[in-house]
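Architecture and fold: a report
Chain by chain, the residues:
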Amino acid sequence: MTFAGPLRGYGARLAAAPPPSVRARAPGKVNLALRVGPLGDDGYHPLVSVFQAVALFEEVTATQVPPGTGITLTVDGPQSAAVPTDATNLAWRAAELLATHTGVEPDVALHVRKGVPVAGGMAGGSADAAATLVACDTLWETGVPRADLAEIAAALGSDVPFCVLGHTAVGTGRGHLLTPAMTRGEFHWAFAASDRGLPTPQVYAAFDSLARTASPVVGIEEDTALMQALRAGDPAALGAALHNDLQEAALSVRPELARTVEIAREAGALGAIVSGSGPTVAALARSRPHALAIAATWTAEGAADTVWTATGPAHGARVVAS
Ligand code: C5P
């Protein structure tokens, strides 16, 4: 008996098989509360942030390439033309940093599908980095423990650790030291996004130049009502407790956002704020149809380039297919 026939057949099938590939997703976020202290010596503002992940996902596919190929990056989806595809992209840097940390060669083809508004204060770029870490860790079989992954994430950007963790969490430090928060039920959000992004450093600079005497100690105490609303699953109480210390700074750079917030309130939003450093405006709705109605009002008033709706909380970075 000979195996030559069947083995040749098997070999032919292997040659035709696509290279190994891992697809991962990570969520965008909204800051339910953002309290910012004065600029520190490290160039960062100490903050306390209550993050909620929302079900708008960045999807990253990491595909094996021949050794020595290095990293390549392609991007598609809404506003993808505005996203760099070189080593300045946070997904690229995430693959590079993970490779350095684990001692593997940084050989991978990354493909990013955008699902979060670009440069909108919703951590879309950070979600790309988070999804890339998880995808490459699986593809390269590096098995990095979650705690180490969180440290690598923090080195990439202040919001990356939360995009890895997901759900709802309180962030301190630069926003990267996280404690999960208890929540009940689902919250319905509408988002008004602008094609013109607002760079985070510009908003922090405006915050500094507004010469607000920010409290030197930033605490979570102010947000007791917010934490209770989350635990109770009470959207009306949550809407009333939304807070953003960067809102005034974002409005000073983009005054027209005040009208976007106002329109949401007129449409019955339980609360409406600039999301993080903006320019996206987030509105909390009573229900999914109400979220759609708020989004439709923004569109009718010409107050947004794109509108989005999503529920929160959503899961953190995870592999969805390999
Ligand atoms: O950490 P990340 O790269 O996202 O931050 C971008 C910029 O935003 C920082 O260089 C800094 O100017 C500003 N920033 C800050 N305080 C924070 C987070 C970010 O001043 N807590």
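Numbering of residues begins from 1 in every chain and follows the order in which that chain's sequence is written. Only residues with pLDDT of at least 70 get local features here, since the model is predicted, and only at 80 or more are side-chain atom pairs given and counted; chain-wide, interface and lining totals rely on the full set of residues. In computing side-chain values, all of the structure's heavy atoms are included and hydrogens and water are not.

A closer look at helix α2 (residues 90–102)
- Secondary structure elements follow DSSP: runs of H or I of four or more residues count as helices, runs of E of two or more count as strands, with numbering from the N terminus. To estimate how far a helix should reach, multiply one less than its number of residues by 1.5 Å. Taking 1.5 Å of rise per residue, the 13 residues of α2 would be expected to cover 18 Å, and the 18 Å separating its terminal C-alpha atoms lies within 8% of that figure.
- Buried means the residue's accessible area, taken with a 1.4 Å probe over protein chains only, is under 20% of the maximum for its type, while exposed means over 50%, and partly exposed covers the values in between. Every buried residue of α2 is listed here: L90, A91, W92, A94, A95, L98 and A99.
- What qualifies as a polar contact is a pair of N or O atoms within 3.5 Å, subject to a donor-acceptor requirement within protein and to the restriction that residues adjacent in sequence count only when both atoms come from side chains. With a side-chain oxygen positioned 2.7 Å from the backbone nitrogen of A91, the residue opening α2 is N89.
- Looking at the residues trailing α2, positive phi occurs at G103, about 80°.

Let's talk about the nonpolar core
- Nonpolar cores are built from buried Ala, Val, Leu, Ile, Met, Phe, Trp, Tyr and Cys residues. Side-chain atoms within 4.5 Å join them into one set. Core analysis: the biggest nonpolar cluster contains 40 residues, and L98, V108, L110, L133, C136 and W140 have the highest contact counts within it.
- Those elements that provide at least two residues to this core are β1 (21–36), β2 (47–63), β3 (71–76), α2, β4 (108–113), α3 (124–139), α4 (146–156) and α5 (160–165).
- The greatest single-element share of this core, amounting to nine residues, is contributed by α3.
- What makes two residues a contact is simply this: any of their non-hydrogen atoms within 4.5 Å. Ignoring any residue separated from it by four or fewer positions in sequence, one finds C136 in contact with A62, A95, L98, V108, L110, E141 and T142.

Topic: the pattern of salt bridges
- Any carboxyl oxygen of Asp or Glu that lies within 4 Å of a side-chain nitrogen of Lys or Arg is treated as forming a salt bridge with it. Per the stated rule, a full pass over the model turns up 10 salt bridges.
- With its nearest N and O atoms 2.9 Å apart, the salt bridge here joins D223 to R35. Of this pair, D223 sits in the loop between α6 (200–209) and α7 (224–232) while R35 sits in strand β1, and the two are 188 residues apart along the sequence. Residues D223 and R35 agree in their burial class; the two are buried.

With respect to the layout of surface pockets
- Computed over the protein atoms alone on a 1 Å grid, cavities are sets of points where a 1.4 Å probe fits but cannot get out and pockets are open sets with protein on both sides within 12 Å along at least five of seven lines; a residue lines them when it has an atom within 4 Å of a point. Grid points are joined across faces, edges and corners, and a volume is the space filled by probe spheres set on the points. Of the voids in this model, the largest pocket is the one considered here, and its volume is about 1200 Å³.
- Lining the largest pocket are 46 residues, and of these L90, S126, D159, T200 and P201 lie nearest its centre.
- Elements supplying a minimum of two residues to the lining of the largest pocket: β1, β2, α2, α3, α4 and α6.
- Top element by residues in the lining of the largest pocket is α3. It accounts for four residues.

Quick word on the domain arrangement of the protein
- The split of the chain into domains comes from an automatic or database domain assignment. Each assigned domain of the protein is listed here: domain 1 (21–181 + 314–321) and domain 2 (187–221 + 233–312).
- With centres defined by C-alpha atoms, the gap from domain 1 to domain 2 works out at 22 Å.
- Each partner contributes to the interface: domain 1 provides 32 residues, whereas domain 2 provides 37 residues.
- With both chains or domains summed, domain 1 and domain 2 bury close to 2500 Å², and 64% of this area falls on carbon and sulfur atoms.
- When two parts are brought into contact, each loses some accessible area as probed by a 1.4 Å sphere; the total of that loss over both is the buried area. Among the residues of domain 1 in contact with domain 2, L32, L34 and V36 are the three that bury the most area, contributing 20% of the side total.
- Taken together, the connections running from domain 1 to domain 2 amount to zero salt bridges.
- Linking domain 1 to domain 2 there are 13 residue pairs in polar contact (both at pLDDT 80 or more).
- Among the residues forming the side of domain 1 that touches domain 2, the class breakdown is 22 nonpolar, eight polar and two charged. Just so you know the grouping, Ala, Val, Leu, Ile, Met, Phe, Trp, Tyr, Cys and Pro go in nonpolar, Asp, Glu, Lys and Arg go in charged, and all remaining residues, Gly too, go in polar.

Quick notes on the sheet that holds strand β10 (residues 281–285)
- Here four strands make up an open sheet; going across it, the order is β9-β10-β7-β11 and the pairing antiparallel. The sheet terminates laterally at β9 (271–274) and β11 (306–312), the two strands that pair on one side only. Shown here is a sheet whose adjacent strand axes are inclined to one another by a mean of 20°, direction ignored.
- Pairs of strands are assigned from DSSP output, requiring at least two bridges between the strands. In terms of strand pairing, strand β7 (residues 187–193) meets β11 through seven bridges, oriented antiparallel. Bridging across to β11, A193 finds its partner in T306. Axes here mean lines fitted to C-alpha atoms, for a helix over just the part in contact, with angles spanning 0 to 180 degrees between N-to-C directions.

Describing unusual backbone geometry
- That bond from G278 to P279 is cis: its omega, 5°, falls within 30 degrees of zero.
- Inspection of the secondary structure puts P279 in the loop between β9 and β10.
- Residue P313 is bonded to the preceding G312 through a cis peptide linkage, with omega at -5°.
- Note on placement: P313 falls in the loop between β11 and β12 (318–321).
- Backbone geometry places A123, a non-glycine residue, at a positive phi of 65°.
- With respect to the secondary-structure elements, A123 resides in the loop between β4 and α3.
- The class for A123 is buried, based on a relative accessible area of 9%.
- The residue E141 is not glycine, and still its phi comes out positive at about 55°.
- When you line up the elements, E141 lands in the loop between α3 and α4.
- With relative accessibility at 72%, the residue E141 sits in the exposed group.

What about the pairing of strand β6 (residues 177–180)?
- Note that strand β5 (residues 168–172) and β6 share four bridges and pair antiparallel. Within β6, the residue paired with V170 across the bridge is T179.

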